[in-house]
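Summary of the model geometry
Residues per chain, in single letters:
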Amino acid sequence: MTAADQELHFADAGEAADLAAFLARLIHYDRAAAVRLQAGGGVLAVFGRPPSFEVLAIRTARLEAIIGTDTTTAGAAGASGPGALDTTVSAGELGDALDTARAGRTADGPEVRDRGLVVTVPKAVTGPPWAGVLPPRGGWRRVSGLPGVDEVHGAVAAAVAEFRARDAELPEERRTRAERDRIGHEIWSRTLGDTGLPLRAVHAAQSLGFLRPVRAAAPAATSAGAGGGVATATPGPTAEPLALLAAGGWLRLRTPYGSIAVRTSGLSGLSVTPA
């Protein structure tokens, strides 16, 4: 059975809508973006890499089931167990599939709109190199020293303002992409306080919508089976705003809406003009 033979049954249509918005943001930075999908423990984890930030972004959503054309219906504990789904697909095609399912569901009336969403998994594509190097599933430990939400927003705003000021000061003959990339690399490679987390990871979290205020909702579901709790599927009113975790050679900024992961060794240079 291939991924294209499978259907994802989302437990909550709102989470599917948030996933569609996440995919749209990835496509904004790369029209040919691919995402790796992994399901486990009743949760779908979607991994993407916006090229401007050189980080891994992770968004999750709860699943009721995964159904294949050559299998019978199975619940989340069975169909989304280890090995139920692990594939790389086009972000655009997955976004289109979500939009199509959501449009059909809206047309079916309020009794259908109160249920989850069924989406066909797009056909697999050849994965980019990053898709073969994902954060570990477990072993994450909390890292101390992460500033509060307001301070994090302030750090990103200050970095963006500095970039724009230094860019405006460049003489015309030096206003090139290479010079702007050099400035960007210098600024966004700085760490957030004493945490060791590059500012580019926080900027990516903000640009992808992970740092927006937490809305009142059902209690959060953690993706323990699909990436070792890399993100939460549905943030609730008591969801922890931010946490910084470490495992192996990775740091991960966890928010109620998703996670940003970066490798702490072998990081390549940043080439980005801040949005």
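This section reports on the structure supplied with the text. (Residues numbered from 1 in each chain as written. Predicted model: local features only at pLDDT ≥ 70, side-chain atom pairs only at ≥ 80, totals over all residues. Heavy atoms only, no water.)

**A short note on the overall build of the protein**
Counting its regular elements, the protein contains seven helices and ten strands. Relative to its full complement of 275 residues, the protein shows a buried share of 49%. Long-range pairs, those at least 24 residues apart, make up 67% of the contacts in the protein with a sequence separation of at least 6. In the form shown here, the protein has an accessible surface area of approximately 12,000 Å², with 51% of it arising from carbon and sulfur atoms. (Helix = DSSP H or I, 4+ residues; strand = E, 2+ residues; numbered from the N terminus. Buried < 20%, exposed > 50% of the residue type's maximum accessible area, 1.4 Å probe, protein only. Contact = heavy atoms within 4.5 Å. Areas by Shrake-Rupley, 256 points an atom, 1.4 Å probe, with all protein chains shown as cover.)

**With respect to helix 1 (residues 13–29)**
Taking 1.5 Å of rise per residue, the 17 residues of helix 1 would be expected to cover 24 Å, and the 25 Å separating its terminal C-alpha atoms lies within 8% of that figure. If you check which residues of helix 1 are buried, you get A13, E15, A16, D18, L19, A20, F22, L23 and L26. (Expected span 1.5 Å × (residues − 1).)

**Comments concerning the nonpolar core**
Core analysis: the largest hydrophobic core is formed by 58 residues, its most contacted members being F10, L44 and L98. For this core, the element with the most residues is helix 1, which contributes six residues. Not counting residues up to four positions away in its chain, the partners in contact with F10 are A16, L19, L44, A61, R62, L63, E64, L98, G116, L117 and V119. Residues L56, W130, A247 and W250 belong to the second largest nonpolar core, which totals twelve residues. (Core = buried A, V, L, I, M, F, W, Y, C linked by side-chain atoms within 4.5 Å.)

**Observations regarding unusual backbone geometry**
Look at E54: it is not a glycine, yet its phi comes out positive at around 55°. Among the structural elements, E54 can be located in the loop between strand 3 (43–48) and strand 4 (56–68). Note on E54: relative accessible area 16%, which makes it buried.

**Section: the packing of aromatic side chains**
Applying the stated rule across the entire model yields two aromatic pairs. Ring centres 5.2 Å apart and planes at 80° place the aromatic pair Y29 and F53 in the edge-to-face group. One end of the pair, Y29, is in helix 1; the other, F53, is in the loop between strand 3 and strand 4, and 24 residues separate them in sequence. In this arrangement the basic side chain of R212 is found over the ring face of Y257, its NZ or CZ atom lying 3.6 Å from the centre. The aromatic ring of W140 is capped on one face by R252, whose charged end is 4.3 Å from the ring centroid. (Phe/Tyr/Trp six-rings, centres within 6.5 Å; stacked < 30°, edge-to-face > 60°. Lys NZ or Arg CZ within 6 Å of the ring centre and 35° of its normal.)

**Here we look at the packing of helix 5 (residues 149–169) against helix 7 (residues 199–207)**
Contact geometry of helix 5 with helix 7 gives a least axis separation of 10 Å together with a crossing angle of 100°. Put simply, helix 5 runs roughly perpendicular to helix 7. Together, V152, H153, A155, V156, A159 and V160 of helix 5 and L199, V202, H203 and Q206 of helix 7 make up the contact between the two elements. Considered class by class, the residues forming the contact of helix 5 with helix 7 number seven nonpolar, three polar and no charged. (Axes fitted to C-alpha atoms, helices over the stretch in contact; angles between N-to-C directions. Parallel < 35°, antiparallel > 145°, perpendicular 65-115°, else oblique. Nonpolar A, V, L, I, M, F, W, Y, C, P; charged D, E, K, R; others polar.)

**Comments concerning the pattern of salt bridges**
Side-chain pairs of opposite charge can arise where the charged atoms are in close proximity. Evaluated as defined, the whole model comprises 15 salt bridges. Ionic pairing is found between R59 and D18, a salt bridge with its closest N-O pair at 3.1 Å. Placement of R59 in strand 4 and of D18 in helix 1 is noted, with a sequence separation of 41 residues between them. We classify R59 as buried; its relative accessible area is 2%. The shortest N-O distance in the salt bridge between E186 and R166 comes to 2.9 Å. You can see E186 sitting in helix 6 (residues 177–188) and its partner R166 sitting in helix 5, a full 20 residues away along the chain. (Salt bridge = Lys/Arg side-chain N within 4 Å of Asp/Glu carboxyl O.)

Read these as geometric descriptors, not functional statements.
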